[in-house]
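Inside the fold
Below, each chain spelled out in residue letters.
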Protein chains: 2
Amino acid sequence: MAHKVFLFVGLLIAALFAENTSAADITNTNFPTMAEILAKSKPSDWRTLEPENTIYLELTNGRVVIELAPDFAPQHVVNVKALAREKYFDGLTILRAQDNYVVQWGDPNAEKPELKRKIKTARATLAAEFDRMIDKDVPFARLQEQDGYAPEVGFSGGFPVARDPKSGRMWLVHCYGMVGAGRDTPIDSGGGTELYVIIGHAPRQLDRNVTLLGRVVQGIELLSVMPRGTAAMGFYDKPEQRIPLKGMRVAADVPAAERTRLEILRTDTPAFQTLIESRRNRREEWFHVPAGHIDVCNVPIPTRVPTK
Amino acid sequence: MAHKVFLFVGLLIAALFAENTSAADITNTNFPTMAEILAKSKPSDWRTLEPENTIYLELTNGRVVIELAPDFAPQHVVNVKALAREKYFDGLTILRAQDNYVVQWGDPNAEKPELKRKIKTARATLAAEFDRMIDKDVPFARLQEQDGYAPEVGFSGGFPVARDPKSGRMWLVHCYGMVGAGRDTPIDSGGGTELYVIIGHAPRQLDRNVTLLGRVVQGIELLSVMPRGTAAMGFYDKPEQRIPLKGMRVAADVPAAERTRLEILRTDTPAFQTLIESRRNRREEWFHVPAGHIDVCNVPIPTRVPTK
């Protein structure tokens, strides 16, 4: 194994080199890679998705799995599940794909009273859920890094979040894969009938401006490749460009055999903290200079298929 | 116009409210939007691309325009132009599309000596150009924001850059759309025969680990929608998945009538600084809370089609 990568890591690493310690030893023990951390993880480092808290967005070519965030957007989560259960989204379409920003889906006839999809038991709009009170019952694994957009950032139950101890508030942040409820200008004009997912560099300017309600944990590559719309803001200007949705389902309503089997690394574990360090300072042989820093939206939250 | 958005901006804005000043006045004068800034820009705020410094990546469905960065990667720029001029890329393919990371193109047979594309006058590999000395002749419009990955960030000749005054070095940073020269483990194993473009959240851990040599200024939506590869790191595992390239051309070698007409907002202008502020604190009516911060990779660098 080449030693090159270690020559540039600086004094911290140099100090750890003992005469009889090879670079390989250090790679495998002091500075494990993400792959090594996951290989050595314990079963208790992982959790399964709760079927009642998981949405499947079913496309003609596959399934997008979304974990909901009831700690942060309880009313929106209730409403999106109600919409899914009344089959509101069945046959609606992808409406918008704006490069380096969002893919959005909903009712292409939402503005046409005579044509728009009728809502049965769900609500058309809801009060905004942009942030919530900090509460000891809501976990927060703080990232040591300073963040430009918020006083503190970290992870809560598998979601990237920010906190402001002064105001006592915390909120979900707009990282790649986060799912939110589109709205018009009034802040209470969303509710989940139109949903978007982030497919580009984190648009953190949206934090606390839109209600985030979940995160894509599998299948985002089905959405991120959608042809970009050529109308303003990436909307599709021709009806034939709008890819139809098969529908959205609450995982609990899908027969167990047809559910997506998936485990997610818990973000409240030492394993996750070790993983963050392995990504903050990449010490795989390929890397020449470790960054010494990681953006909250650059921390991967690994998933795996359960072995049994 | 609703006043709601202003209620949350805080004391700074409140102090600016005079009794006879309406919200609309403030929107249009003190805090212009990006659209307003561009509408009021002067011809001298814009520049055209230098044809000798511009590469066209020609796909079967369109053209990707890449501006080269000779101030930062002079040898790589010379070599990529030489490769384009000897038609090295003609008929080669997209090799890799990894979600939230990169799309990469080059020779699918690069590892097969008998099949690989022969290089004529260009060089197969080059010394790394990961950073360069700070020099008064290389512009630097500093962003006031703190950046986690580097002591200073800003813009130089239309490119997002970082600087370290202590070491006297500066370098291009891995924002969405940046183009680099893929390499194997040795740092001098790249050279431009395999190129990648960033299509996800800025992987800043790559800064100073790979040679960046340019930026996509038009057409990235042709690359960002490439179906993601299912082999490790997003490589395409089946030959039929590899989308062929028509080729790469130096714009100067393309008849003037066939060149892409494009102007780019200069990053060394007061207009660009005003634009940054308009994006740091979004005050369009839709926004509820302005962020008060902007990441270097969230600053748009506007382009336009010249009117004559």
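Rules behind the numbers
Residues numbered from 1 in each chain as written. Chains lettered and ligands numbered in written order. Predicted model: local features only at pLDDT ≥ 70, side-chain atom pairs only at ≥ 80, totals over all residues. Heavy atoms only, no water. Helix = DSSP H or I, 4+ residues; strand = E, 2+ residues; numbered from the N terminus. Buried < 20%, exposed > 50% of the residue type's maximum accessible area, 1.4 Å probe, protein only. Contact = heavy atoms within 4.5 Å. Areas by Shrake-Rupley, 256 points an atom, 1.4 Å probe, with all protein chains shown as cover. Lys, Arg positive; Asp, Glu negative; His and termini not counted. Charge placed at Lys NZ, Arg CZ, Asp CG, Glu CD. Disulfide = S-S within 2.5 Å. Pairing = 2+ DSSP bridges. Least-squares fit on C-alpha atoms with pLDDT ≥ 70 in both. Salt bridge = Lys/Arg side-chain N within 4 Å of Asp/Glu carboxyl O.

A closer look at the overall build of chain A
Counting its regular elements, chain A contains six helices and 16 strands. A principal-axis box enclosing the C-alpha atoms of chain A has dimensions of 80 × 45 × 40 Å. A buried classification covers 55% of the 308 residues belonging to chain A. Here the analysis covers contacts within chain A between residues at least 6 apart in sequence; of these, 70% occur between residues at least 24 apart. Carbon and sulfur atoms form 53% of the exposed surface of chain A, whose accessible area is close to 13500 Å². Looking at chain A, you have 39 positive and 38 negative side-chain charges, and the mean spots of the two groups are 3 Å apart.

Thoughts on the state of the cysteines
All names here are of chain B. Taken as a whole and assessed by the stated rule, the structure comprises two disulfides over all chains. Disulfide partner of Cys175: Cys297, at an S-S distance of 2.0 Å. Between Cys175 and Cys297, the S-S torsion sits near -75°, and that sign places the bridge as left-handed. A residue pair is termed long-range when its members are at least 10 positions apart, and Cys175 in the loop between strand 10 (169-172) and strand 11 (178-181) and Cys297 in the loop between helix 6 (270-280) and strand 16 (303-304) qualify at 122 residues.

Description of the sheet that holds strand 8 (residues 152-156) of chain B
Note: strands within a sheet are paired through backbone hydrogen bonds, in either parallel or antiparallel orientation. Residue and element names in this part refer to chain B. Read from one edge to the other, the open sheet built from five strands follows the order 6-10-9-8-7, with strand pairing classed as antiparallel. The open sheet is flanked by strand 6 (132-133) and strand 7 (141-142), the only strands paired with a single partner. Pairing geometry for strand 8 and strand 9 (residues 159-164), over five bridges, is antiparallel. Within strand 9, the position partnered with Phe155 by the bridge is Pro160.

Here we look at the relation of the copies chain A and chain B
For the pair chain A and chain B, the relating rotation is 180°, the translation along its axis is 0.0 Å, and the fit reaches an RMSD of 0.0 Å. In the structure described here, the two chain copies are related by an operation that fits a two-fold rotation axis. Both copies present the same face, since 100% of the interface residues in chain A are matched by interface residues at the equivalent positions in chain B.

Thoughts on the pattern of salt bridges
Under the defined criterion, the tally for this structure stands at 40 salt bridges over all chains. One salt bridge connects Glu67 of chain B with Arg47 of chain B, and the closest N-O pair in it is separated by 2.7 Å. Taken together, the positions of Glu67 of chain B in strand 3 (residues 62-68) and Arg47 of chain B in strand 1 (residues 46-48) put the pair 20 residues apart, joining distant regions of the chain. Given a relative accessible area of 6%, Glu67 of chain B falls into the buried group. The class of Arg47 of chain B is buried, set by a relative accessible area of 17%. Salt bridges linked by common partners bring Glu52, Lys81, Arg85 and Asp253 of chain A together as one network.

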